[in-house]
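# An overview of the molecular structure
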Amino acid sequence: MNDKKQIMSKNKKIAYRGMLTALAMVLSYLESFIPVFAAVPGIKIGLANIVTIFALYRLGVMDAAVIGLIRIVLSALLFGNPVMIIYSLAGLILSIAAMTLAKCLPFFGMMGVSVVGGVFHNLGQLLAAAFMIRSVSILYYLGILLAVGAVAGAVIGVISGIILKRI
């Protein structure tokens with residue numbers, strides 16, 4: 001009887017992961033239609049990060065990372081540019097690592113964890129861009145991208161908090 005519960009639990013978790021991955025992809029796709037008027041190209045709100053925060057708090061670090069990885073690869077191949085995988089992966093790796101650390105610290109709430117994620121995601125993408133173009137001159141955008149990452153992270157954190165309380 002206990003084995004049957006474990007199998008059901010595993011099946012539910014697999015379905016949950018698939019649903020969250022699909023939701024993240026839909027949010028990424030929808031975000032591509034939102035015009036962002038900014039002097040820096042590539043600035044986005046990061047709606048799919050709602051799913052990342054949700055997965056981090058509900059499923060754990062590994063599931064959040066895997067869902068993020070699958071979303072990045074599939075979204076880039078289906079809706080974008082395969083080269084963008086490099087930038088997005090750099091952002092994902094840095095943001096997941098930073099959010100995991102921040103989540104363990106007692107003075108960071110969910111919004112703080114999300115802000116850390118937004119800031120480190122932008123930092124990761126900027127470092128990947130500097131590496132790809134072999135120039136540190138792109139780091140000129142660092143201040144703007146960190147500020148945008150903090151604001152977007154706060155918005156995503158608030159939305160994620162509301163969703164986690166209701167589900």
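Everything discussed here concerns the structure shown above.
Residues numbered from 1 in each chain as written. Predicted model: local features only at pLDDT ≥ 70, side-chain atom pairs only at ≥ 80, totals over all residues. Heavy atoms only, no water.

Between helix 3 (residues 61–79) and helix 4 (residues 84–104), whose axes approach to 10 Å, the crossing angle comes to 165°. By the angle between their directions, the pair helix 3 and helix 4 is classed as roughly antiparallel. Seen along the crossing, helix 3 lies across helix 4 with a hand that is right-handed. Taken together, the residues of helix 4 that come into contact with helix 3 (itself represented by Val61, Ala64, Ala65, Gly68, Leu69, Ile72, Val73, Ala76 and Leu77) are Ile85, Ser88, Leu89, Leu92, Ile96 and Thr100. Considered class by class, the residues forming the contact of helix 3 with helix 4 number twelve nonpolar, three polar and no charged. (Axes fitted to C-alpha atoms, helices over the stretch in contact; angles between N-to-C directions. Helix = DSSP H or I, 4+ residues; strand = E, 2+ residues; numbered from the N terminus. Parallel < 35°, antiparallel > 145°, perpendicular 65-115°, else oblique. Left-handed = near helix turned anticlockwise from the far one by under 90°. Contact = heavy atoms within 4.5 Å. Nonpolar A, V, L, I, M, F, W, Y, C, P; charged D, E, K, R; others polar.)

One pass over the full model with this rule turns up four aromatic pairs. The positively charged end of lysine 103 is found above the aromatic ring belonging to tyrosine 57, 5.0 Å away from the centroid. (Phe/Tyr/Trp six-rings, centres within 6.5 Å; stacked < 30°, edge-to-face > 60°. Lys NZ or Arg CZ within 6 Å of the ring centre and 35° of its normal.)

For the rest of this paragraph, the subject is helix 5 (residues 110–133). If you check helix 5, its first and last C-alpha atoms are 35 Å apart, about what 24 residues at 1.5 Å a residue would give, namely 34 Å. Among the residues trailing helix 5, arginine 134 stands out with phi positive, at a value near 55°. (Expected span 1.5 Å × (residues − 1).)

Another point: helix 4. Taking 1.5 Å of rise per residue, 21 residues should cover 30 Å, and helix 4 covers 30 Å from first to last C-alpha, within 8% of that figure. For helix 4, every residue scored as buried is listed here: Ile85, Tyr87, Ser88, Gly91, Leu92, Ser95, Ile96, Ala98, Met99 and Ala102. Close packing links the buried residues of helix 4 with helix 2 (49–58), helix 3 and helix 5. (Buried < 20%, exposed > 50% of the residue type's maximum accessible area, 1.4 Å probe, protein only.)

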